[in-house]
Amino acid sequence: MHRQAAFAKAVHRRPRRLGSLLACLALIAAACGSSGPSGSTAATTPATTPGVSASPTPFVDPATVYASIEDQVVAIRGLKPTTKVDPKILDDAGIKKLTADSFARDNPPATIAANERILKALGLLPADASLTDLYVNLLGSQVAGLYNPDDKTLYVVSRSGGLGPAQKTTFAHEFTHALQDQNFDIGSLKLDEIGQGDRSFARLSLVEGDATLLMSLWQIQNLTQADLGQLLAEAGSDPSTKVLLDMPPILREALLFPYTGGLSFVQGLQGSGGWQAVNDAFSKPPASTEQILHPEKYASGEAPIAVTLPKDLVTSLGGGWKVALEDSFGEFQLAVWLRGSKAIDAATANDAAAGWGGDRIALVEGPDGAWGVILRTAWDSAADAAAFEAAAASLVDGLANPASLLPGSGGAERWIVIGSDDATLNRVAGALGLAG
């Protein structure tokens, strides 16, 4: 539901458009997520004090409330709307159906299968897991609101039937996406471009970081202490928290990163150059998750190193072979993978990923169910490549399928090759011109 955050595409990191929607998540700022079944947008009924008769809750016209929030968002963000946006209210069943239908429509079975194969080969998904089931369950439980740039539709989820602080916060977040789309054309960012997963993930982080910062400022200016207390209470008792925590780290962290990492990135821009600096970033969007994680690299214009796989790879593999999926993995996903090692701590894993310069990941498939996963990585220096190798070695050794971590040319390159069996591993490594 975020618009394609690197997850499926690359390895993910995710299947093709796994997220052609821009979403407000349930746990972001403990505000965007408590939503529940409903169809009504009437104000919620306040708790009563024992022995005291409660006055009837006055009717609150949702259109009036939303119009007021729009004015408040415009005043904070400084972007003018060009088209009216009318929110659609979904209950719990409605959001789950929307996310499931969107996933099925935007992610062909072959693409999902390829992403699932890569994630399992790297040990990022359990062998018996279904990427479709996990992802649909994750999104269906976490999303509190959506803006779809394709049809310009804004959704707010109300699982309780009310128009409380969670729903108002969600609308502020999603209306920001509408303003972004109307002023900058979100489609021009190519958030779901095939083969550019890491770049798409970085640009999604700009989009979600902007909306999350605006949402936070809106809360500070417009919610009462009682409202904030209600948000925290709802977040603390929300069963979706367990769903999130039970997810494999690659899915959980990929879902949250555009909001958390994006917020930090956008805060830096806004703090140094005001909202104009954020606006400018939409015309010069980040090129990698490395730039999100290290904003100084965005400021200096440090672009990813161009990494390619051999053009004759399929020919070298022989008859019946094909490249089923090819994408970029990125520093963020590499760090998540390295943090899964039991041999190093999280800080060491992050440091080992920080020397990332560029990469390319691919799934190749051959006759009789044979397959191979190829990850070619380029590093800022030979020392950075060595640090990555040291951090990744135990993970590669512990993979379920035969795998090798191999040097490349020039000292600042490393390859990871995984095969469905030993013969396939040797075949793929040989086709790449690698020893081992």
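This one's a predicted model, so the numbers in the text were calculated from it and none came from an experiment. (Residues numbered from 1 in each chain as written. Predicted model: local features only at pLDDT ≥ 70, side-chain atom pairs only at ≥ 80, totals over all residues. Heavy atoms only, no water.)

### Quick look at the pairing of strand β6 (residues 356-365)
A large share of β6 lies buried, amounting to 9 of its 10 residues. Where strand β5 (residues 322-327) meets β6, 5 bridges bridge the pair, whose relative direction is antiparallel. Along β6, the bridge assignment pairs L325 with L363. Looking at chain direction, β6 and strand β7 (residues 371-379) are connected through 9 bridges and run antiparallel. Looking at the pairing, I361 lines up with L375 of β7. (Buried < 20%, exposed > 50% of the residue type's maximum accessible area, 1.4 Å probe, protein only. Helix = DSSP H or I, 4+ residues; strand = E, 2+ residues; numbered from the N terminus. Pairing = 2+ DSSP bridges.)

### Some details on the packing of helix α1 (residues 62-77) against helix α5 (residues 165-184)
Their axes nearest at 10 Å, the elements α1 and α5 cross at an angle of 60°. With respect to each other, α1 and α5 are oriented oblique. α5 is crossed by α1, and the crossing has right-handed handedness. On α5, the residues touching V65, Y66, I69, E70, V73, V74 and R77 of α1 are K168, F171, A172, F175, T176, L179 and F184. Considering only residue class, the contact of α1 with α5 consists of 10 nonpolar, 1 polar and 3 charged. (Axes fitted to C-alpha atoms, helices over the stretch in contact; angles between N-to-C directions. Parallel < 35°, antiparallel > 145°, perpendicular 65-115°, else oblique. Left-handed = near helix turned anticlockwise from the far one by under 90°. Contact = heavy atoms within 4.5 Å. Nonpolar A, V, L, I, M, F, W, Y, C, P; charged D, E, K, R; others polar.)

### Topic: the sheet that holds β5
Strand order in the open sheet formed by 5 strands is β5-β6-β7-β9-β8, and the pairing between neighbours is antiparallel. Because the sheet does not close on itself, it has two edges, and the strands there are β5 and β8 (403-407). Neighbouring strand axes in the sheet, compared pairwise and without regard to direction, differ in orientation by 15° on average. Relative to strand β9 (residues 413-419), helix α16 (residues 422-431) is tilted by about 145°, and along the sheet it contacts β6, β7, β8 and β9.

### Some details on the side chain of D359
With respect to the element layout, D359 can be found in strand β6. Buried and unpaired, D359 has R360 as its nearest opposite-charge partner, separated by 6.3 Å. Among the polar contacts listed, one links the side chain of D359 to the backbone nitrogen of G330, at a separation of 2.7 Å. Only 2.8 Å separates the side chain of D359 from the side chain of W356, close enough to count as a polar contact. With near-sequence residues (within four places) excluded, D359 lies in contact with V307, S328, F329, G330, L334, L375, R376 and T377. (Lys, Arg positive; Asp, Glu negative; His and termini not counted. Salt bridge = Lys/Arg side-chain N within 4 Å of Asp/Glu carboxyl O. Polar contact = N/O pair within 3.5 Å; in protein donor to acceptor, adjacent residues only side chain to side chain.)

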